[in-house]
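One-letter residues, chain by chain:
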Protein chains: 2
Amino acid sequence: MYTQINKNISRYVTFEPKELEIFNSLLEYKTVPKKTILLHEGEMCNFEAFVIKGCVRKYYIDANGFEVILQFAIENAWVSDISFSIYEEKPSRVYIETLEDCEFFMFSPDTKEELFVRAPKFERAFRILMQRSLAVTQDRLFNTISKTATEKYLEFLDHYPTLSQRVAQHYIASYLGISAEFLSKIRTKIAKH
Amino acid sequence: MYTQINKNISRYVTFEPKELEIFNSLLEYKTVPKKTILLHEGEMCNFEAFVIKGCVRKYYIDANGFEVILQFAIENAWVSDISFSIYEEKPSRVYIETLEDCEFFMFSPDTKEELFVRAPKFERAFRILMQRSLAVTQDRLFNTISKTATEKYLEFLDHYPTLSQRVAQHYIASYLGISAEFLSKIRTKIAKH
DNA sequence: TTCATTTCTTGTCCTAGTTCAATGCATGCG
DNA sequence: CGCATGCATTGAACTAGGACAAGAAATGAA
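Residues numbered from 1 in each chain as written. Chains lettered and ligands numbered in written order. Predicted model: local features only at pLDDT ≥ 70, side-chain atom pairs only at ≥ 80, totals over all residues.

Looking up chain A in an unreviewed UniProt entry gives the name Crp/Fnr family transcriptional regulator, with the organism given as Flavobacterium yafengii.

Encoded structure:
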């Protein structure tokens, strides 16, 4: 049960079995049905979730009521609005919603602190995870600014080959920052290459 | 001399004087003239720099040869391509260039490791700094996708009031993801409100 | 001071992507 | 099973912003 998450957290830092035991003992296993909103705008985000199974989206709602998807998280990904809310005590501006029935391992900020006290090496592992998220987000920003819609879509397919089967098209459009109609037109154009 | 950086690093974590001493003893002070490229695409980024004075930009060059500015760093900001290169051992895809004569405190990856060994609490401080960068980048991504060019520019002025005096307009355009000409048109429209 | 280089502005034309329908297609649910 | 709601597709009209070009203004080096 813990193999997946232990492999994930050990990717850049090597842990002793004892440390992983502490880690695992602090995780809370949770199943959540699809279309459940785990975090609403204005709430404090009091969890960090590791996706064991399923798919979630994290999104903003803009001034005109349009959703902008920041992240899809599938198996072996982490999702949270850690960036703002946990350390700043500011309410979140994002929503986090399950798109499929999900299984998670969850952390509260307090148990995370406990983990860092009892096994300080995890501080390092989470710092590196954070760096990787930053790298991914920077790359996405670059793509969003510098590529055409078609290029962005092709790159998306390349980067997340399974996701296009799993989530509705208009979610992908929202992730790419284009309208659902235009994505549909791109797809028909690609299809008749 | 160390007041600025010590204040910055102590923002979310409280340090003992002794810890700050270790920190300061590991920093390398450097002055760099304007228009110096600190990091070229394809190089390994072997530094993290804290800006004491001056202004730098960090940018990609896209497939058509256009520059896309990811970050301006001014006084009290950190700049590096830490996200990819240091832990992944991958060459960088970005350039980092001074726009003004600059003073920095610099770290190499090795001295950073030494710092973490000698004063592990810094691991935490850098994790939180990383989280904040991620938050800023996510916000920027959201703005880039969901706002008009005029909104983005006004928000930029609001967010970085001094920067528009300090850097060339076409750099701001590149940061906002719009053409320099269009930014100029936006400015004249705003001027005659 | 002068010349050169870079930066900013303005105008015209153009295109990638949007908006707003309308229609057909899935699907989930009672 | 039938119905309703959401989803994808397509088309037509529109627009935000880009590309190009040419001139004006600012900066800087000698």
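(A) Main features of the overall build of chain A. Counting secondary structure elements, chain A contains nine helices and eight strands. The C-alpha atoms of chain A give 18 Å as radius of gyration, which agrees with the globular expectation for 193 residues (16 Å, within 12%). With respect to the three principal axes, the spread of C-alpha positions in chain A is 55 × 35 × 30 Å. Counting only residues that meet the buried cut, chain A has 36% of its 193 residues in that class. Of the contacts formed within chain A by residues at least 6 apart in sequence, a portion of 72% connects residues at least 24 apart. (Helix = DSSP H or I, 4+ residues; strand = E, 2+ residues; numbered from the N terminus. Rg over C-alpha atoms; globule rule 2.2 N^0.38 Å. Buried ≥ 20, exposed ≤ 12 C-beta atoms within 10 Å, placed from the backbone. Contact = placed C-beta atoms within 7 Å.)

(B) Spatial organisation of unusual backbone geometry. Residues and elements named next belong to chain B. The residue K35 is not glycine, and still its phi comes out positive at about 60 degrees. By the element assignment, K35 lies in the loop between β1 (28-32) and β2 (37-39). Backbone geometry at N76 places phi at a positive 75 degrees, although glycine is not the residue there. Tracing the backbone shows N76 in the loop between β5 (67-73) and β6 (78-79). By C-beta crowding, N76 is classed as partly exposed, having 14 other C-beta atoms within 10 Å.

(C) Broad picture of the relation of the copies chain B and chain A. Of the transformation placing chain B onto chain A, the axial shift is 0.0 Å and the rotation is 180 degrees, giving an RMSD of 0.0 Å. Both copies of the chain, as the preceding transformation shows, are related through a two-fold rotation axis. Interface overlap between copies: 100% of the residues of chain B at the interface are likewise at the interface in chain A, consistent with a symmetric, same-surface contact. (Least-squares fit on C-alpha atoms with pLDDT ≥ 70 in both.)

(D) A look at the protein's contact with DNA strand C. Lining the immediate surroundings of DNA strand C are 16 residues, of which S179 and F182 of chain A together with Q169, S184 and T188 of chain B lie closest. When contributions to the surface near DNA strand C are tallied by element, the ones reaching two or more residues are α6 (149-159) and α9 (180-191) of chain A together with α8 (169-176) and α9 (180-191) of chain B. With six residues, the single largest contributor to the surface near DNA strand C is α9 of chain B. Of the residues that constitute the surface near DNA strand C, the class distribution is five nonpolar, seven polar and four charged. (Near = placed C-beta within 6 Å. Nonpolar A, V, L, I, M, F, W, Y, C, P; charged D, E, K, R; others polar.)

(E) Fine view of the interface of chain B and chain A. Each side of the interface is counted separately: chain B has 30 residues, and chain A has 30 residues. A per-element tally of the side of chain B that touches chain A places helix α5 (residues 121-146) of chain B first, with 18 residues. Looking at the side of chain B that touches chain A, its residues break down into 17 nonpolar, eight polar and five charged.

(F) Inspection of the packing of α8 of chain B against α9 of chain B at higher detail. All names here are of chain B. As a packed pair, α8 and α9 sit with axes 8 Å apart at the nearest point and diverge in direction by 105 degrees. Judged on the interaxial angle alone, α9 and α8 are roughly perpendicular. On the side of α8, the interface is formed by Q169, H170, I172, A173 and L176, while α9 contributes A180, L183 and S184. Of the residues contributing to the contact of α8 with α9, the split by class is five nonpolar, three polar and no charged. (Axes fitted to C-alpha atoms, helices over the stretch in contact; angles between N-to-C directions. Parallel < 35°, antiparallel > 145°, perpendicular 65-115°, else oblique.)

(G) Looking closely at the protein's contact with DNA strand D. Taken together, 16 residues surround DNA strand D, and among them Q169, S184 and T188 of chain A together with S179 and F182 of chain B come closest. Secondary-structure elements contributing two or more residues to the surface near DNA strand D are α8 (169-176) and α9 of chain A together with α6 (149-159) and α9 of chain B. Here the surface near DNA strand D takes six residues from α9 of chain A, the largest share from any one element. For the surface near DNA strand D, the residue count by class is five nonpolar, seven polar and four charged.

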